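So the chains spell out like this:
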Amino acid sequence: MMIIWLAGMSCVGKSTIMRDIISKFPEGEKVRPTKYFDCIKFDNFITIGGRYYTKTPNPGSDFIFAGKDKFQYFIRQEYPKHKKMLIEGQKFFRPDILSWLIDNDYKLKIYYLFVDENDLDERAKNRGGWWDKKRTEKRTLSEIKRLEKVLTNETFSSIIEQRINQTIKQSTELSLHITKMLME
């Protein structure tokens, strides 16, 4: 069993990679294991966030309206039922939650995606989602500061792999890598 997590700032390509991964499998079953978590269940894995078959700009965990306690309950309940869990988003990508996962012996691999800040702005303009329209330099800097607390924490260095996601080729390579992991 393992949790595979795509994290990073808004507009780095997390959802694009998730949709590409999901497209490589027969259509999954939309399920709602708990009141707060829409998911898609496949033979070998489950996604946290169940809106990947739509064009919505926030199909993953960032759209889940639940806090830390509900997330922990969900993980405790669902982790033993699935070979792999696939999370995309930064809502739960926080030091306290990552520490809880590690302390409770959940096997975890995180791919933290990043792109040039100018590309973030351009991607946000092109996507035009709610958060994208509210994006300001102050909000971007605040988001960077929050994420750096995770990335600079030595406790998490062995589970986080930082990956640049500037090009389609880089997205495709990571998508294929994770797809192979899900098939194991």
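Attention here is on the structure that accompanies the text. Small disclaimer: the values here were computed from a predicted structure and weren't measured.

## Regarding the sheet that holds strand β4 (residues 45-48)
Phase 1 of the analysis: The 7 strands lie next to each other as β2-β3-β4-β5-β1-β6-β7, forming an open sheet whose pairing is mixed. A strand with exactly one partner marks an edge of an open sheet, and here the two such strands are β2 (29-34) and β7 (160-164). If you compare each strand with its neighbour and ignore which way they point, the axes differ by 25° on average.
Phase 2 of the analysis: With 4 bridges joining them, β4 and strand β5 (residues 84-88) adopt parallel strand pairing. Pairing of F45 across the sheet is with K84, part of β5.

## Quick look at the pairing of strand β6 (residues 108-114)
Phase 1 of the analysis: Counting buried positions along β6 yields 6 of 7 residues, so the element is predominantly enclosed.
Phase 2 of the analysis: Relative to β6, strand β1 (residues 2-8) runs parallel, the two sharing 6 bridges. The residue of β6 that forms the bridge with G8 is L113.

## Observations regarding the packing of aromatic side chains
Here a ring pair, both rings aromatic, is described through the centre-centre distance and the interplanar angle of the planes.
Phase 1 of the analysis: This model, assessed by the stated rule, comprises 12 aromatic pairs.
Phase 2 of the analysis: Aromatic pair W5 and F93: ring centres 5.9 Å apart, planes at 70°, arrangement edge-to-face. Taken as a pair, W5 in strand β1 and F93 in the loop between β5 and α3 (95-103) lie far apart in primary sequence, 88 residues in all. Each member of the pair, W5 as well as F93, carries the same accessibility label: buried.
Phase 3 of the analysis: Seen in terms of ring centroids, F25 and F45 are 4.9 Å apart; in terms of plane orientation they differ by 70°. Their pairing is edge-to-face. Placement of the pair is F25 in the loop between α1 (14-23) and β2 and F45 in strand β4, with a sequence separation of 20 residues. Here F25 matches F45 in class, with each residue buried.
Phase 4 of the analysis: Every member of this aromatic cluster is reached through a ring pair, and the members are W5, F37, F71, F74, F92, F93 and Y112.

## Examining the nonpolar core
Phase 1 of the analysis: I3, W5, I75, F93 and L101 are the most contacted members of the largest nonpolar core, which has 50 residues in total.
Phase 2 of the analysis: Sort the elements by how many residues they give to this core and β1 lands first, with 6 residues.

## Focus: unusual backbone geometry
Phase 1 of the analysis: At D105, a residue that is not glycine, the phi angle is positive and equals roughly 60°.
Phase 2 of the analysis: Along the polypeptide, D105 turns up in the loop between α3 and β6.

## Considerations on the layout of surface pockets
Phase 1 of the analysis: Size it by volume and the second largest pocket reaches roughly 180 Å³.
Phase 2 of the analysis: Along the wall of the second largest pocket there are 14 residues; nearest its centre are M9, Y112, F114, I144 and L151.
Phase 3 of the analysis: Secondary-structure elements contributing two or more residues to the lining of the second largest pocket are β6, α4 (117-127) and α6 (137-151).
Phase 4 of the analysis: Ranked by the residues each element gives to the lining of the second largest pocket, the list is headed by α6, at 4 residues.
Phase 5 of the analysis: Tallied by class, residues from the lining of the second largest pocket come to 10 nonpolar, 2 polar and 2 charged.

Cut-off values and rules
Residues numbered from 1 in each chain as written. Predicted model: local features only at pLDDT ≥ 70, side-chain atom pairs only at ≥ 80, totals over all residues. Heavy atoms only, no water. Pairing = 2+ DSSP bridges. Helix = DSSP H or I, 4+ residues; strand = E, 2+ residues; numbered from the N terminus. Axes fitted to C-alpha atoms, helices over the stretch in contact; angles between N-to-C directions. Buried < 20%, exposed > 50% of the residue type's maximum accessible area, 1.4 Å probe, protein only. Phe/Tyr/Trp six-rings, centres within 6.5 Å; stacked < 30°, edge-to-face > 60°. Core = buried A, V, L, I, M, F, W, Y, C linked by side-chain atoms within 4.5 Å. 1 Å grid on protein atoms, 1.4 Å probe; cavity = no way out; pocket = protein on both sides within 12 Å on 5 of 7 lines; lining within 4 Å. Points joined across faces, edges and corners; volume = space filled by probe spheres on them. Nonpolar A, V, L, I, M, F, W, Y, C, P; charged D, E, K, R; others polar.

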